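What the coordinates show
What follows is each chain in one-letter form.
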Amino acid sequence: YTQRHDALRAGIGVLLFLRKISGAERLPIKGEFYDASTYYDDAARLRPILHRGDVVLVGGSTWAQGSSYLARKFFETVGGETLLGVSASAWATAGGEHTGGEIVVQDMLRSLMGMGAQVFTLGQKLPVFTTEERQGTPPGHFTLLDCWYMDQFARTISVVALARGDPELAKQIAAKLSYSPTYYNHMPAADEELKSRFEQVQILLNDAAKPKSDAYRRLRELITSP
């Protein structure tokens, strides 16, 4: 919508943190990323994607304070598929804090629930990343705190993927990953901590805000799935 591919870049950010966590903790998790924006109405290409993992995530941007046509058409195209036994979540990008991003996430979650999926979110927070209407942050840029939330979302995904509904196992995995759904009690207290952990990914995502830049091309190369 903004030609900056905000939602796609946010999704890649979550994937990068998921891969980082998986590698550091030696977790048996494989993450794949699909940019379905060019074939959102092609059922033959979309349906196999939904059955490639134990966890499915869908992301999109906010249009006119609601879901985009692309997202709605995606769910209409795959509406006959079942996601019984699959866990699912969604993320969205929005221009500002009050421009409809949560509506987009809720819309996607309800659509996933309608397909039988067991949905989850980042504790009580819906994964909405705002990219405008912020002082001191250029439009289309993610902050270090945005990247922290991406990391937290990746940890949530890891717990859900590995625990598979087992509460005791979930507690063990969460402890190993230093993760808690009450994320607000564990937010970094110092900017230096945020920089040391998240600045590298922040720069990577922000440099790619221009879709014709070399940085955006390099970011797309990190997506190994078609």
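For the structure given in this document, a descriptive report is provided here. Each chain carries its own residue numbering, running from 1 in the direction its sequence is written. Per-residue local features of the predicted model are confined to residues with pLDDT of at least 70, and side-chain atom pairs are confined, for both listing and counting, to 80 or more; whole-chain, interface and lining totals are unaffected and use all residues. Heavy atoms from the whole structure form the basis of all side-chain values; hydrogens and water molecules are not counted.

Put simply, DSSP H or I for four residues or longer makes a helix, DSSP E for two residues or longer makes a strand, and each gets a number counted from the N terminus. Within the protein chain, the secondary structure is distributed over eight helices and five strands. When its helices and strands are written in sequence order, the protein chain yields α-α-β-β-α-β-α-β-β-α-α-α-α. Values of the radius of gyration come from C-alpha atoms, whereas the globule rule sets the reference at 2.2 Å times the count of residues to the power 0.38. The C-alpha radius of gyration of the protein chain comes to 17 Å, within 12% of the 17 Å expected for a compact globule of 226 residues. With respect to the three principal axes, the spread of C-alpha positions in the protein chain is 50 × 45 × 35 Å. Considering the protein chain as a whole, with its 226 residues, one finds that 52% of them fall into the buried category. Only heavy atoms enter the contact rule, under which two residues are in contact if any of them lie within 4.5 Å. When contacts within the protein chain are restricted to residue pairs at least 6 apart in sequence, those whose partners lie at least 24 apart make up 75%. The cut-offs for exposure are 20% and 50% of the maximum accessible area for each residue type, with area from a 1.4 Å probe on protein chains only; residues under the lower value are buried, those over the upper are exposed, and the others partly exposed.

Our next topic: the pattern of salt bridges. For this document, the term salt bridge refers to a Lys or Arg side-chain nitrogen within 4 Å of an Asp or Glu carboxyl oxygen. Taken as a whole, this structure holds 15 salt bridges when the rule is applied. Among the ionic pairs, E132 bridges to R4, the shortest N-O distance being 3.1 Å. You can see E132 sitting in the loop between β5 (128-130) and α5 (144-163) and its partner R4 sitting in the segment before α1 (6-25), a full 128 residues away along the chain. In this structure, E32 and R52 form a salt bridge, with 2.7 Å as the shortest nitrogen-oxygen distance. Note that E32 is positioned in the loop between α1 and α2 (43-49) and R52 in the loop between α2 and β1 (55-63), a separation of 20 residues in sequence.

Pairing of aromatic side chains requires ring centres within 6.5 Å, counting the rings of Phe and Tyr and the six-membered ring of Trp. Pairs whose planes differ by under 30 degrees are stacked, by over 60 edge-to-face, and all others tilted. Evaluation of the coordinates by the stated rule reveals seven aromatic pairs. Ring plane angle 70° and centroid distance 5.7 Å describe the contact between F17 and F198, whose orientation is recorded as edge-to-face. Pair noted here: F17 is in helix α1 and F198 is in helix α7 (residues 191-207), with a separation of 181 residues, a long-range link. On the accessibility criterion, F198 (1% relative accessible area) is buried. Between W148 and Y149 the ring centres are 5.2 Å apart and the planes differ by 70°, which places this aromatic pair in the edge-to-face class. Residue W148 shares its accessibility class with Y149, and that shared class is buried. Any Lys NZ or Arg CZ found within 6 Å of a ring centre and within 35 degrees of that ring's normal is scored as a charge over the ring. Lying over the aromatic face of Y39, R45 brings its terminal NZ or CZ to 3.8 Å of the ring centre. Its end group placed over the ring of Y149, K125 keeps NZ or CZ at 4.5 Å from the ring centre.

A few words on the pairing of strand β3 (residues 87-94). Counted residue by residue, β3 has eight buried out of eight residues, so it is predominantly covered. Burial along β3 is two-sided: the residues S87, S89, W91 and T93 and A88, A90, A92 and A94 are all buried. For two strands to pair, DSSP has to find at least two bridges joining them. As paired strands, β1 and β3 are joined by seven bridges and run parallel to one another. By the bridge assignment, L57 is partnered in β3 with S89.

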